[in-house]
Amino acid sequence: MENCDKRSDETAKVIKKVSPVHYHRILLKLSGEALMGDGTYGIDPGVLGRLAGEIRDLVASGVQPALVIGGGNIFRGAGLAQGGIDRVTGDHMGMLATVINSLAMQDALERLKVPVRVMSALRIDQVCEGYVRRRAVRYLEKGRVTIFAAGTGNPFFTTDSAASLRAVEIGADLLIKATKVDGVYSADPIKDPTAVFYRRLTYNQALREDLGIMDATALVLCRNSGIPLRVMNIYEPGALLRLVGGSEIGSLVEPGE
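Source: prediction; values computed, not measured. (Residues numbered from 1 in each chain as written. Predicted model: local features only at pLDDT ≥ 70, side-chain atom pairs only at ≥ 80, totals over all residues. Heavy atoms only, no water.)

Visitor: What is the right way to read the overall build of the protein from this model?
Guide: When you go through the protein residue by residue, the secondary structure sums to nine helices and 11 strands. Relative to a compact globule of 257 residues, whose C-alpha radius of gyration would be 18 Å, the protein shows 18 Å and is just as compact. Along the first, second and third principal axes, the C-alpha set of the protein runs to 55 × 45 × 35 Å. Residues counted as buried form 49% of the 257 residues belonging to the protein. In the protein, once contacts between residues fewer than 6 apart in sequence are set aside, the share between residues at least 24 apart is 72%. Of the roughly 12,300 Å² that the protein leaves accessible, carbon and sulfur atoms contribute 52%. Both charge centroids of the protein, one from 31 positive and one from 29 negative side chains, sit 6 Å from each other. (Helix = DSSP H or I, 4+ residues; strand = E, 2+ residues; numbered from the N terminus. Rg over C-alpha atoms; globule rule 2.2 N^0.38 Å. Buried < 20%, exposed > 50% of the residue type's maximum accessible area, 1.4 Å probe, protein only. Contact = heavy atoms within 4.5 Å. Areas by Shrake-Rupley, 256 points an atom, 1.4 Å probe, with all protein chains shown as cover. Lys, Arg positive; Asp, Glu negative; His and termini not counted. Charge placed at Lys NZ, Arg CZ, Asp CG, Glu CD.)

Dropping the structure here:
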């Protein structure tokens, strides 16, 4: 209990330090792999709990966070299709994997007493409610974390595209893509030690150089809607809170030439 109190005191100090926040409403895109921790499949409860704690701190600072979580830690539609499963069927299986991850995050947040709603693009009424834009915005205005599951509800569209679409629909000030690296590089920094780090770049540059930040559909949607994208390392403790406070974390992709 003493350690919990100490952590709460430290968190309160950080929240006070970054207040007022620079971004009021954000959409956080988490990959399914981010939930695996050091594992090769499934969900690491420790990682899930830590991420839920960081999202709770965002809510406490006055931010309205929405989430889109991928399903790659369980099923990935394109990968299943390569194994011989019909692509549409595989994509539907991948969508259901995102629902599993969303429910896991909902449980982790509720254990921290954070109000949360899961809204699915596929109708699964006994598990969670269907996505309705106006209702989602209302939830955010009431201080509830809103998790968008099942992608766009359509095959052949990635969860990156779903994140961009939902960010536009809810009027997010910022789209955050949480990754395993600290931003955007000219090549994979793990494979190529000479890769150049981009602190700032435009959507057109990302498309032109095929940097693989998100698929082209997602990038074009963000570019045309004027929503900035921040790419950051989700494994850096406290980075999310510092980011919404205006710190230069990771790489910023924005409209421009």
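Visitor: Teacher, can you tell me more about the packing of aromatic side chains here?
Guide: Aromatic ring pairs: the centre-centre distance and the angle between the two ring planes describe each pair. With the rule as written, the count across this model stands at two aromatic pairs. Centre to centre, the rings of Tyr131 and Phe148 are 5.4 Å apart; their planes meet at 90°, and the pair counts as edge-to-face. Of this pair, Tyr131 sits in the loop between β4 (129–130) and α5 (133–141) while Phe148 sits in strand β5 (residues 145–149), placing them 17 residues apart in sequence. For the pair Tyr131 and Phe148, a shared accessibility class is recorded, and that class is buried. Residue placement shows Arg117 over the ring face of Tyr139; its charged tip is 5.4 Å from the ring centre. (Phe/Tyr/Trp six-rings, centres within 6.5 Å; stacked < 30°, edge-to-face > 60°. Lys NZ or Arg CZ within 6 Å of the ring centre and 35° of its normal.)

Visitor: What exactly am I supposed to notice about the pairing of strand β6 (residues 174–179) here?
Guide: For a regular strand, the rule is simple: side chains alternate between the two faces of the sheet. Most of β6 sits inside the fold, with six of its six residues counted as buried. Sheet topology places strand β1 (residues 25–30) next to β6; five bridges connect them, and they run parallel. Each bridged residue has a counterpart across the sheet, and for Leu28 the counterpart in β6 is Ile176. As paired elements, β6 and strand β10 (residues 229–233) share five bridges and run parallel to each other. Note on β10: the bridge partner recorded for Leu175 is Leu229. (Pairing = 2+ DSSP bridges.)

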